Amino acid sequence: MQKTIWVLGAGKGCGNHVAAKFGRKGFRVVLLSRNAAHLAAYAENFKAQGIDVYTAACDAADFDNVTETFKNLKAQFGTPDVFFYNVGITGLDSELPQPVDAGLLLQRYKIDVAGAYHAITQVADADFAAKQGAILVTGGGLALNPMFEYLPLSMDKAALRAMCLALHEEFKKKGIYLGTLTVTNVIAPGEKCDPAILAEDFWQLYTNRTNCEFVR
């Protein structure tokens, strides 16, 4: 039976490269992001590569939307074999149109951390455990080396990493694998964190199913 990967946070960088890697390995790919127009363009590219691809608009910050979208996807495709969370807000704080205050911190945490937790808990049910499903999460090096210039992102990546480390041990008891890739540099072609390289890292996390974290 064909396996399926859901990618929440589809995009031209890490999200689509990981999706394409799994697609080339025979997985059905379901791309999820807020922008339906972008999703349509991504789908055409995947189809041109011979990858079985489907899309659905989904906003990680809208928990009710995530719950409903995942419910619909399960009805259409069944329980996924792999869930990849690749949502996060990056960029210098100095480029933000608003000051970094408590309200902004809560807004960002909702997307970067709470959104990840909510999505993961919607996937990691008994059926997912029965399939020995895998959850993959894009982490960040700011969790290890925080910077004031990226204060909300530094705080969120640290919290996201802590969540992954804690859930890894708990999920392992149920037969579910959770792994996170800590990306320590800019994601760009030709760089240390080239998205094609990151896709290989995620594939190794998935196939090995041992360590919770790999630092690139």
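Below you will find a few notes about this structure. In every chain, residue numbers begin from 1 and rise along the written sequence. Residue-level local features of this predicted model are given only where pLDDT is at least 70; pairs of side-chain atoms are given and counted only at 80 or more, and the full residue set underlies all totals for whole chains, interfaces and linings. Only hydrogens and water are removed before side-chain values are computed, so all heavy atoms of the structure are retained for them.

**Thoughts on the packing of helix H3 (residues 63-77) against helix H4 (residues 102-123)**
Move 1: Fitted lines through C-alpha atoms give the axes, limited to the stretch in contact for helices. The angle between two N-to-C directions lies from 0 to 180 degrees. Runs of H or I in DSSP of at least four residues are treated as helices and runs of E of at least two as strands, each being numbered from the N terminus. Running from N to C, H3 and H4 cross one another at 30°; their axes reach a closest spacing of 10 Å. Compared by their axis directions, H3 and H4 come out roughly parallel. Read as a crossing pair, H3 and H4 show a hand that is right-handed. When H3 is examined against H4, the residues Phe63, Val66, Thr67, Phe70 and Lys74 are found in contact with a partner set consisting of Lys110, Ala114, Gly115, His118, Ala119, Gln122 and Val123.
Move 2: When residues are sorted by character, Ala, Val, Leu, Ile, Met, Phe, Trp, Tyr, Cys and Pro go into the nonpolar class, Asp, Glu, Lys and Arg into the charged class, and all the rest, Gly among them, into the polar class. Of the residues belonging to the contact of H3 with H4, the class tally is six nonpolar, four polar and two charged. Just so you know how the angles are binned, under 35 degrees is roughly parallel, over 145 roughly antiparallel, 65 to 115 roughly perpendicular, and the rest oblique. Handedness of a crossing is defined here by the sense of rotation of the near helix relative to the far one, left-handed for an anticlockwise turn of less than a right angle and right-handed for a clockwise turn. Note on contacts: a residue pair qualifies if any of its non-hydrogen atoms lie within 4.5 Å across the two residues.

**Regarding the packing of aromatic side chains**
Move 1: Pairing of aromatic side chains here covers Phe, Tyr and the six-membered ring of Trp, requires ring centres within 6.5 Å, and sorts the geometry by plane angle: under 30 degrees stacked, over 60 edge-to-face, intermediate tilted. The full count for this structure, using the stated rule, is eleven aromatic pairs.
Move 2: Considering the side-chain rings of Phe27 and Tyr206, the 5.9 Å spacing of their centres and the 80° angle between planes classify their relative orientation as edge-to-face. Placement of Phe27 in the loop between helix H1 (14-24) and strand E2 (28-33) and of Tyr206 in helix H7 (residues 195-208) is noted, with a sequence separation of 179 residues between them. Each member of the pair, Phe27 as well as Tyr206, carries the same accessibility label: buried.
Move 3: Their ring planes at 50° and their centres at 5.4 Å tell us that Trp203 and Tyr206 sit as a pair that is tilted. One end of the pair is Trp203 and the other is Tyr206, both in helix H7 and three residues apart, which spans about a single turn. The pair formed by Trp203 and Tyr206 is uniform in burial state, with each residue classed as buried.
Move 4: Grouping aromatic residues by their ring pairs yields a cluster made of Trp6, Phe70, Phe83 and Tyr85.
Move 5: Stacked on the ring of Phe63, the Lys or Arg Lys110 has its end atom at 5.4 Å from the ring centre. Using a 1.4 Å probe on the protein chains alone, a residue whose accessible area is under 20% of its type maximum counts as buried, one over 50% counts as exposed, and one in between counts as partly exposed. For a lysine, the NZ atom is tested; for an arginine, the CZ atom; a charge sits over a ring if that atom is within 6 Å of the ring centre and within 35 degrees of the ring normal.

Keep in mind that these numbers describe shape and distance, not what the molecule does.
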